[in-house]
Amino acid sequence: MTEQVQKTDSFLTDKSTEKWFYRKLFWRQNWLMFCTSYTKQQAVTYSWVLEPFLKKIYGEDSDGFYNAMLRHQDFFNTTPMMAPFVMGLNTSMERENHDKGKSFDVSSIAAIKAALMGPFAGLGDSVQQGALRIIATGIAIGFCQKGMWLGPLLFLLIYNIPNMLIRWYGAKLGYTVGQDFVAKTMANGIFKVITKAVSVLGLMMIGAMTAQYVTFTTTYQAKMAGQMFKLQGVLDQILPGLLPLALVLCCFAYLRKKNRPVRVLVAILVLALVLTLLGVTGGKAA
Amino acid sequence: MLVNALLVGLALTIQKWGDWYGSLGFNRPMVAGTIVGILLGHPSEGIMIGAALELVYLGSISLGGVMPQDFGLGSIFGTAFGILLSSKTSVAIALSLPISMLGTLVYQLFKIWATALVPRFEAHLKAHNIKAFNRLWQIQRGVYLLMWFTLGFVGIMAGTNAIKALVAAIPQPIMNGLTVAAGMLPAVGIALLMITLWDKKLAPWFFLGFGIVAFFKGTMIEVAFIGICIAVLVAVGDLANRHNNNNATPAATASSSDSKVEEDFFND
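All of these numbers come straight from a predicted model, not from anything done at the bench.

Analysis parameters
Within each chain, residue numbers correspond to sequence positions counted from 1 in written order. Labels are handed out in written order, letters beginning with A for the chains and numbers beginning with 1 for the ligands. Reporting in this predicted model follows two pLDDT cut-offs: at least 70 for local features of residues, and 80 or more for side-chain atom pairs to be given and counted; totals over whole chains, interfaces and linings ignore these cut-offs and use all residues. Values reported for side chains reflect all heavy atoms of the structure, with hydrogen atoms and water molecules removed beforehand. UniProt positions are given in the numbering used here, feature names are shortened, and annotations may be inferred rather than shown by experiment. Helix and strand assignments follow DSSP, with helices taken as H or I runs no shorter than four residues and strands as E runs no shorter than two, numbered in order from the N terminus. The contact rule is simple, with two residues in contact once any of their heavy atoms fall within 4.5 Å. Simply put, the buried area is the total loss of 1.4 Å probe accessible area from both parts when two parts are fitted together. The salt bridge definition used is simple: a Lys or Arg side-chain nitrogen within 4 Å of an Asp or Glu carboxyl oxygen. Counted as a polar contact is a pair of N or O atoms within 3.5 Å, where, for protein atoms, one must be capable of donating a hydrogen and the other of accepting one, and residues adjacent in sequence contribute only when both atoms are in side chains. Residue type decides the class: Asp, Glu, Lys and Arg count as charged, Ala, Val, Leu, Ile, Met, Phe, Trp, Tyr, Cys and Pro as nonpolar, and the leftover types, Gly among them, as polar. Strand pairing is assigned whenever DSSP detects at least two bridges linking the two strands. The definition used for a disulfide is geometric: two cysteine sulfur atoms within 2.5 Å. Accessibility here uses a 1.4 Å probe with only protein chains present; expressed as a share of the type maximum, an area under 20% marks a residue as buried, one over 50% as exposed, and anything in between as partly exposed. Nonpolar core, defined: a set of buried Ala, Val, Leu, Ile, Met, Phe, Trp, Tyr and Cys residues in which side-chain atoms within 4.5 Å join the residues together. Either an automatic procedure or a domain database provided the assignment from which the domain bounds are taken.

Attention shifts here to the UniProt feature "transmembrane region" (unreviewed entry) in chain B. Residue and element names in this part refer to chain B. UniProt records the feature "transmembrane region" (unreviewed entry) at residues 20–40, 47–67, 91–110, 143–163, 175–198 and 205–236, using the numbering of this structure. Segment residues 143–163 splits into 100% helix and 0% strand. End C-alpha atoms: 27 Å apart. Secondary structure content for residues 205–236 is 91% helix and 0% strand, and the end C-alpha separation is 17 Å.

Once that is clear, we can look at the interface of chain A and chain B. Each side of the interface is counted separately: chain A has 111 residues, and chain B has 107 residues. Interface area, chain A with chain B, both sides summed: about 10,300 Å², of which 79% is carbon and sulfur. Of the charged contacts in the structure, one is a salt bridge between Lys40(A) and Glu122(B), with a shortest N-O distance of 3.1 Å. Counting across the chain A and chain B interface gives 19 residue pairs in polar contact (both at pLDDT 80 or more). For the side of chain A that touches chain B, the secondary-structure elements that each account for two or more residues are helix 3 (43–58), helix 4 (63–71), helix 6 (107–145), helix 7 (150–177), helix 8 (179–187), helix 9 (190–213), helix 11 (242–257) and helix 12 (261–277) of chain A. With 21 residues, the single largest contributor to the side of chain A that touches chain B is helix 9 of chain A. Residue classes in the side of chain A that touches chain B are distributed as 66 nonpolar, 34 polar and eleven charged.

Residues and elements named next belong to chain A. Across four bridges, the pairing between strand 1 (residues 221–224) and strand 2 (residues 227–230) is antiparallel. Its bridge partner lying in strand 2, lysine 223 is registered against methionine 228. Between strand 1 and strand 2, which pair antiparallel one after the other, the connecting turn spans two residues, and alanine 225 there sits at a positive phi close to 50°.

Turning next to the state of the cysteines. Linking two cysteines covalently through their sulfur atoms gives a disulfide. Per the stated rule, a full pass over the model turns up zero disulfides over all chains. No disulfide involves Cys251(A); its sulfur sits 7.0 Å from the nearest other cysteine sulfur, which is in Cys250(A).

Before going further, it helps to examine the pattern of salt bridges. It is possible for side chains bearing opposite charge to pair when their charged atoms get close. Summed over the entire model, instances satisfying the criterion amount to nine salt bridges over all chains. Linking Arg71(A) and Glu94(A) is a salt bridge whose minimum nitrogen-to-oxygen distance equals 2.6 Å. Linking Arg71(A) in helix 4 with Glu94(A) in helix 5 (residues 83–100), this pair joins segments that are 23 residues apart in sequence. An identical accessibility class is assigned to Arg71(A) and Glu94(A); each is buried. The network of salt bridges with common partners includes Lys40(A), Glu122(B) and Lys126(B).

Here we take up the side chain of Ser126(A). By secondary structure assignment, the location of Ser126(A) is in helix 6. With a relative accessible area of 0%, Ser126(A) lands in the buried category. Residues within four places of Ser126(A) in sequence aside, it is in contact with Ala131(A), Val198(A) and Leu197(B).

Formed by 169 residues in total, the largest nonpolar core has its most connected members in Phe34(A), Leu116(A), Ile206(A) and Tyr144(B). Looking at this core, the element that brings in the most residues is helix 5 (residues 89–126) of chain B, giving 15 residues. If we ignore the near neighbours within four places in the chain, the residues touching Leu116(A) are Phe85(A), Val86(A), Leu89(A), Val182(A), Met186(A) and Phe191(A).

Attention shifts here to the domain arrangement of chain A. Taken domain by domain, chain A consists of domain 1 (15–210) and domain 2 (218–278). Distance between the C-alpha centres of domain 1 of chain A and domain 2 of chain A: 40 Å.

So, in structure tokens, the structure goes:
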């Protein structure tokens, strides 16, 4: 694949330019989240990342360069880890646009961004937040609880090595495969297959998180007809982890309808205080 | 106090930088606690408080700019006060909760400013002034980092004595209530994560993951192990189905060339 690029590429004309491009792209794309806005999210920095490459393709201070920069002011939002692929792809399309002139459909550059950011965000978030982070935390937390250096170190390594590899090779892949391939891949549904598989893993992990890390137990107990009545004992007989599960599902049902997480947070704080003052929770473990 | 305040300001800046730069994961309480601990000279306390905070915020994530709690900020201050007032971990947790919720306000204010700047970026490009565009971008980034430094500095300078008095004044039942809330709050982050992954047809997998831990006391690593196996099975099954469907439709292109392209996609 690289041989092909060297033969026909008007942008990455030689090995040293190729090195320069991938390295520069890698260091610049890390800044993608600085600074997001409500209206355009990552768009401004997206164009900032591509700036030196657009400059090289179209020439400094040329109309083509400024048109390209303006083109990339369109709304963009995806998992930052997945963005380098899109950036690589976009750079190769900009090059094509410059080479072919009018015969190239410029709108396809924005179109492919818009088409990719949604599926990529779904894929990236489930890989990074649903799977990678949880696995890294699960391994590291035991060491951290003992105050050992190994804990945070392991977390950072397990979490970031795949994170950085995906960014580095994502950019290379994006530049080399070309938009026809991406369009074809999207059409034949391979993204859907990967996203679905990762969603399965992600959903299992958050189901496990619900049981493991949401702590919601009652400590209410009373003497009834000469017998000790323990509320939590009854609940555990119905279903272990019933309350955490119910809490997560309630939050989920509400947040899916109305995206107001702060309200939910305040509601939980109030609920916890009220239940504790009533003596249902927060007493000595029953 | 002055030195400590400067150091916490620095810790907050580093944490906010590594939260966004390459999504290095510095916002996780484990890492944030470590950073504060190192800078304040109590690394192992920092790591331990960070671990306790990590459990509280494990379900909390920031996705697509939606950040219900600024748990990174909460962890920095929680750990810092925990170390500086040499108080219990539960106090650090209780302090970090309201701070993390207030922290989102600070960030929202900044984001409103960043949003107001968007038309100016565009205007600079329309005026063919790339230098002004770059300058504005650098200013934006600088303000973002400086804002957190200032917040960390002022928070410790102005807050330490007040927090000390406050912690002493909080009645025990309220403290218990906050501890209960700390256990319940991960539900919000988990629910937010669920929204991004949810598909009615996939719902059973969520309950399977729940069941493995709730009924069989499985660990996260065990669930991950089983989960990866299942994910691969699902993907392989779907790929096989897709090929069958492709072959069944007359319009489908030769599937052999298709699979070659896929291999390229994965191998590269």
